[in-house]
Structures are given as C-alpha cells and as structure tokens.
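Working through the structure, step by step
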Amino acid sequence: MDLDTSRPATVLIVEDEPGIADVLGITLKFHGLSVLFAESGRQALELAERHRPDLILLDVMLPDGNGWSVCRRLRGEREKSWDTAIIFLTARDAPQDIVSGLALGGDDYITKPFNVDEVVARVRSVLRRTRRSSEERAPRDVLRHLDVELDEATFTVRRAGRPVELTPTEYNLLRYLMRNADRVVTKEQILRHVWSYDSAVESTVVETYISYLRRKLDRSGDAPLIVTRRGVGYGLRAATG
Ligand code: CA
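For clarity, every value in this text was computed on a predicted model and none was experimentally measured. (Residues numbered from 1 in each chain as written. Predicted model: local features only at pLDDT ≥ 70, side-chain atom pairs only at ≥ 80, totals over all residues. Heavy atoms only, no water.)

Moving on: the coordination of the calcium ion. On the protein side, the calcium ion has D16 (OD), D59 (OD) and M61 (O) as donor atoms, found 2.1 to 2.3 Å from it. Along the chain, the residues donating to the calcium ion are arranged with the sequence spacing D-x42-D-x1-M. Taken together, the residues D16 in the loop between β1 (10-14) and α1 (18-30) and M61 in strand β4 (residues 61-62) connect sequence positions 45 residues apart. (Donors = N, O, S within 2.8 Å, 3.2 Å for Na, K, Ca; no water. Helix = DSSP H or I, 4+ residues; strand = E, 2+ residues; numbered from the N terminus.)

Below you can see the structure in the form of structure tokens.
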C-alpha cells in the first residue's frame, strides 16, 4: 500500500467468522499491511491496548457484545492516548445503525457482503487521512514533570534524558499520574482510568504496577518520583520537594 510513511501500518481485524477474517487478513497483508486478529470484543480491547494498531476493522456483531461498545470504550476512556482509526464491518445497513456507529467515533463503515477491493480502498483512504492528521498535530503533546518527559505522540518516556522502556499499562499509569501531577489520585481513580475495561481487576494491581514503575523510573541517586499518600492514593513529587 503506497502510504507516505515508511513504517507499515498495523490493522487489527475484529471478526468472529474465520472465513471473513482470513480473506481480510490475506488481502491486507498482500497490500503490505501488518495484520492482527481478534475474535471477540474483549480480545479486541486487549490487543488494541497492547499493539496500538493504526486502524481497527471492527465487526458489529460479536460473540460477547457488539462493535459499538468496543468503539465507545476505545474512544471514551482512552481520551487522546492514541489515534486508532475505526472502520465498522456491518451486515446491518440500516441508516440509523451507520449514523450511530459514526457518532461513536467510527471513521467509516463497510457493509457485508463486501468486495475486497472496496475494503482496500476504504482502509487506504482512512489511513491516509488519520496518519496525516497525526503527523500534522503540532506541537507534540509532551507531558513534563521534574526531569520526566512523556511524549504522547511516540509513546516514549525519558527520565533525565534517558529513555525508559515501559509496557503499555505502565505507560498509561504514568501518563495518568502526570496528567494529574498537581494532585493526589486515589486507587479507585487509577483503576477506573487505567484499567477501564476490566472491572474484574483486583485493586492490588495498582500497587503492583506502581512498584514496577518505581523500579524502572528511579535509579540510585534519583529522588523517588511517585509518592504514596497513606490512606489516600498516589501523587508525583512536587517540584520543590
Ligand atoms: Ca460477527
């Protein structure tokens, strides 16, 4: 696919019918795209968080719910965390369904049964539009606190100029803390914002991930960045402290 960026775009195909998923996967790979597959809404959300695809082909009728709710979760809770494009795959061509899908933040829709050439054309067009707009977004969204820099355009984190490798969950947790650098956030707030889609998560997971972050961010000689406020939650060390 002759996109004007050098990195191949990644497309997440969310489709529970193996025959359709195969056809889409083979076609998009043939056109030079990197492809991931999910068979359910839950798997889609997990893969989307882990791999941050450039585009999601999202079937509306899924075994564990529907594509609208997947889209709502991606668009609602994640704020501007990353700009994945979404094209709905729908057998339901009722105008109202299409309108509600686009209102939720979908970029386009394709009605089944589809022609693979049409899918390629739509994917190409949406990727051109969304990739260009993310490149043009300037100045970059960089969060800074003390000597920590978090670049929301490239998902990179540096402390004192030194790159820090974080997992997506660690990154989301640090971003949430940095966006709220002037206050203390409770464990419940962290759970809601960082683990938004999984209500089954234990609240001890917050402590676990705070400790992972501390291990990665604080080296000997560094003043600890994340401060525990007993009985309240967590915050970042104040600039003067
Ligand atoms: Ca389906």
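Structure shown, so let's carry the discussion forward.
It is generally the case that most residues other than glycine have a negative phi and that most peptide bonds are trans. That bond from K112 to P113 is cis: its omega, -5 degrees, falls within 30 degrees of zero. In this fold, P113 is placed in the loop between β7 (108-111) and α5 (116-136). At R52, a position not held by glycine, the phi torsion is positive, near 45 degrees. Overall, the relative accessible area of 16% leaves R52 in the buried class. In this model, L146 sits at a positive phi of 50 degrees, which is unusual for a non-glycine residue. For L146, the position within the fold is in the loop between β8 (142-145) and β9 (148-151). (Buried < 20%, exposed > 50% of the residue type's maximum accessible area, 1.4 Å probe, protein only.)

Turning next to the sheet that holds β9. Read across the sheet, four strands follow the order β8-β9-β10-β11 without closing on themselves; strand pairing throughout is antiparallel. Bordering the open sheet on either side are β8 and β11 (162-164), each of which pairs with just one other strand. On average, each strand axis in the sheet is tilted by 25 degrees relative to the strand beside it, whichever way the strands run. In this sheet, β11 lies alongside strand β10 (residues 156-159) in antiparallel orientation, the contact comprising three bridges. What sits directly across from V157, in β11, is V164. The sheet contacts of helix α6 (residues 168-179) involve β8, β9 and β10, and relative to β9 the element is tilted by about 115 degrees. (Pairing = 2+ DSSP bridges. Axes fitted to C-alpha atoms, helices over the stretch in contact; angles between N-to-C directions. Contact = heavy atoms within 4.5 Å.)

Judged by nonpolar contacts, the single largest core of 27 residues is most densely connected at V157, L174, L177 and I190. Put simply, the parts of the chain that give this core at least two residues each are β9, α6, α7 (187-194), α8 (204-217) and β14 (233-236). With near-sequence residues (within four places) excluded, V157 lies in contact with V148, E149, L150, R162, P163, V164, L166, Y171, L174 and L217. Grouped together as the second largest cluster of nonpolar side chains are 20 residues, A9, I13, L57 and I110 included. (Core = buried A, V, L, I, M, F, W, Y, C linked by side-chain atoms within 4.5 Å.)

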